[in-house]
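# Understanding the architecture of this molecule
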Amino acid sequence: MSRIIFKVSDINYDYILKKLLNYNISFKELTNKNNYYYICILEKDYELLKKIDYKKAVIFKRHTGLKHLIKFLNINIEKSIVAFIVFFNVFILSLFIYSVDIKINDEDLKTQIKYTLIDFDIKPYKRIKLYNYINKVKEKILNKYKDKIEWIEIEQIGSKYNIYVIKKVNNKKQVHNDRCNYVAKKSGVIKSVYASKGVLLVQENNYVKKGDILISGSVIYNDELKNEVCAAGKITGEVWYKVNIEYPFSKTRSYNKYSNFHNIEIILFGKKYKIFKNNNKHEMIKNKIGNNTIGLNIYQGYNIKEKNEKYTEKEVLNKSLKKAKDSLLKKLPRNSRITDQKVLKKYINNGKMYLEVLLTAEEEIGVVENY
């Protein structure tokens, strides 16, 4: 059954509500916006309500369902036809490849791969291939150029194929004639040692200071210098850091509240035309068909809302410790890890917790220095 949405002002709301209840009219209150109540009822009940509304307080808004759609199409017939034509054309165009970009610096190998792809019908103005077909093409190219290619990936973005290729590299051992030591860049306690070249001068659990030589490049035997090399290896150690952190007991967080409203944007030769008026403050692209020359974008509307979150003292302490860890790890070398933490000071002031935390990190403690 067809339904109608009408609105009534705040002043006349009680008057209309009594009418609805007295005549046993089923209704659904939708929203209260800008001093108006929006109400949905059956079309036959709306006709009755208009007859008994002596104040003329009821204001028609729109039909719902199929009638609303037909009326909208009648009002926006030209835009609807254009949208359908563009959508149909974009759909057809989206079935074809318009660009193939091979990403490799070797021009000779790039040309070879280009013509191999053409043999497999992967070239501009050809139909986009199925996923299984693309996988077979990658496998055949890898077999054909197994001595030249390490890895290949074929990525489809809209009507474009990006071909990523990693060339095989013949690894040759590089000879280092430099003389260097592996030196402590920080003070700490040694946790693990590995020396691949040079003379190891420290052991686990040794305390070292910044600048101490951990692996020497000078090979000495019986107090006589036998050889000089570039020391190499990896030594990790425990290093201590003090971190000061503050964290509030409440935070206002923003979040997106998405609506059921969707908008259509037509792209014709670079110019953009939106079909509907957006009542939301923001919108984001949900689907994109075609490209920036001819295409179609489907948007979803949303508003940014805020909510206040409050935390207990235990929650704030845990969040503060995590923040301290994360802030330190961002500054440490890769593959470092936090092994221990201890709160040195803690106090609360003006709705915030203040911490001084001692963190123990295990990280690579040495660095190569020439001499």
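Residues numbered from 1 in each chain as written. Predicted model: local features only at pLDDT ≥ 70, side-chain atom pairs only at ≥ 80, totals over all residues. Heavy atoms only, no water.

## Describing the overall build of the protein chain
Secondary structure assignment for the protein chain yields seven helices and 22 strands. Expressed along its principal axes, the backbone C-alpha trace of the protein chain runs to roughly 115 × 70 × 30 Å. In the protein chain, buried positions account for 32% of the 371 residues. In the protein chain, once contacts between residues fewer than 6 apart in sequence are set aside, the share between residues at least 24 apart is 64%. Accessible surface, the protein chain as shown: approximately 25,100 Å² in total, 50% of it carbon and sulfur. (Helix = DSSP H or I, 4+ residues; strand = E, 2+ residues; numbered from the N terminus. Buried < 20%, exposed > 50% of the residue type's maximum accessible area, 1.4 Å probe, protein only. Contact = heavy atoms within 4.5 Å. Areas by Shrake-Rupley, 256 points an atom, 1.4 Å probe, with all protein chains shown as cover.)

## Digging into the sheet that holds strand 9 (residues 188–197)
Paired through backbone hydrogen bonds, the strands of a sheet run either parallel or antiparallel to each other. Pairing is antiparallel in the open sheet, where five strands are placed in the order 11-9-15-21-20. Single-partner strands in this sheet number two, and they are strand 11 (207–208) and strand 20 (337–349). Direction of pairing for strand 9 relative to strand 15 (residues 232–248): antiparallel, over a ladder of seven bridges. Looking across to strand 15, one finds that S192 is bridged to T236. Most of the contacts of helix 7 (residues 313–329) go to strand 15, to which it runs at about 140°, and overall it touches strand 15, strand 20 and strand 21 (352–364). (Pairing = 2+ DSSP bridges. Axes fitted to C-alpha atoms, helices over the stretch in contact; angles between N-to-C directions.)

## As for helix 1 (residues 13–22)
All of the buried residues along helix 1 are Y13, Y15, I16, K19 and L20. Buried residues of helix 1 fall within an arc of 165° about the axis and therefore sit on the same side. Pointing more than 90 degrees away from the buried face of helix 1 are the exposed residues K18, L21 and N22. In this fold, the buried residues of helix 1 make contact with strand 1 (3–9), strand 2 (27–33), strand 3 (36–42) and helix 2 (43–52). Positive backbone phi, at 55°, marks N24, one or two positions downstream of helix 1. (Arc of directions from axis to C-beta.)

## A word on the packing of aromatic side chains
With the rule as written, the count across this model stands at seven aromatic pairs. With a centroid separation of 3.9 Å and 20° between ring planes, the pair formed by Y13 and Y37 is classed as stacked. Taken together, the residues span a long stretch of sequence, with Y13 in helix 1 and Y37 in strand 3 at a distance of 24 residues. Residues Y13 and Y37 agree in their burial class; the two are buried. Connected via pairs of aromatic rings, a cluster forms that spans F6, Y46 and F60. Across from the ring centre of Y255, 5.6 Å away, lies the NZ or CZ of K307, which sits over that ring. (Phe/Tyr/Trp six-rings, centres within 6.5 Å; stacked < 30°, edge-to-face > 60°. Lys NZ or Arg CZ within 6 Å of the ring centre and 35° of its normal.)

## Quick look at the nonpolar core
In a soluble, globular protein the nonpolar side chains are often hidden away together inside. Of all hydrophobic cores here, the largest spans 28 residues; its most connected members are V208, L214, I235, L359 and I365. Listing elements by their share of this core, those giving two or more residues are strand 8 (180–184), strand 12 (213–216), strand 15, helix 7 and strand 21. I102, L109, V137 and Y145 belong to the second-largest nonpolar core, a separate cluster that totals 19 residues. (Core = buried A, V, L, I, M, F, W, Y, C linked by side-chain atoms within 4.5 Å.)

## With respect to the sheet that holds strand 8
The strand order across the open sheet formed by four strands is 10-12-8-22, and the pairing between neighbours is antiparallel. Only two strands of the sheet have a single neighbouring strand rather than two, namely strand 10 (199–200) and strand 22 (366–370). Two strands pair when backbone bridges link them, and strand 8 and strand 12 are joined in this way by two bridges, in the antiparallel orientation. Looking across to strand 12, one finds that Y182 is bridged to I215.

## Quick word on helix 7
Here helix 7 contains 17 residues, and its C-alpha end-to-end distance of 24 Å stays within 8% of the 24 Å for a straight helix at 1.5 Å per residue. Within helix 7 the residues assigned to the buried category are V316, S320, L321, A324 and L328. Looking down the long axis of helix 7, one finds its buried residues gathered within 135° of arc, a one-sided arrangement. For helix 7, exposure combined with an orientation more than 90 degrees from the buried face picks out K314 and K322. Buried positions along helix 7 lie against strand 15, strand 20 and strand 21. (Expected span 1.5 Å × (residues − 1).)

## What about the pattern of salt bridges?
Any two side chains of opposite charge can pair, on the condition that their charged atoms come close. Within this structure, the stated rule accounts for 14 salt bridges. D101 is the partner of K103 in a salt bridge, and the nearest nitrogen-oxygen pair spans 2.9 Å. The exposure class assigned to D101 is partly exposed, which follows from its relative accessible area of 25%. The partner of R337 in a salt bridge is E362, with the nearest N and O atoms 3.0 Å apart. (Salt bridge = Lys/Arg side-chain N within 4 Å of Asp/Glu carboxyl O.)

## Comments concerning the state of the cysteines
Taken as a whole and assessed by the stated rule, the structure comprises one disulfide. Two residues, C180 and C230, share a disulfide whose sulfurs are 1.8 Å apart. Its torsion about the S-S bond being 105°, the disulfide of C180 and C230 is classed as right-handed. On the criterion of sequence distance, the pair formed by C180 in strand 8 and C230 in the loop between strand 14 (224–228) and strand 15 is long-range, its members being 50 residues apart. Judged by relative accessible area, C180 falls into the buried class, the value being 0%. (Disulfide = S-S within 2.5 Å.)

## So, the side chain of K138
Mapped onto the secondary structure, K138 falls in helix 6 (residues 131–144). Residues contacting K138, with those up to four places away along its chain left out, are I152, E153 and I154.

## A closer look at the environment of N35
Along the chain, N35 turns up in the loop between strand 2 and strand 3. Taking the C-alpha atoms as reference points, N35 and D326, 291 residues apart in sequence, are found 48 Å from one another.

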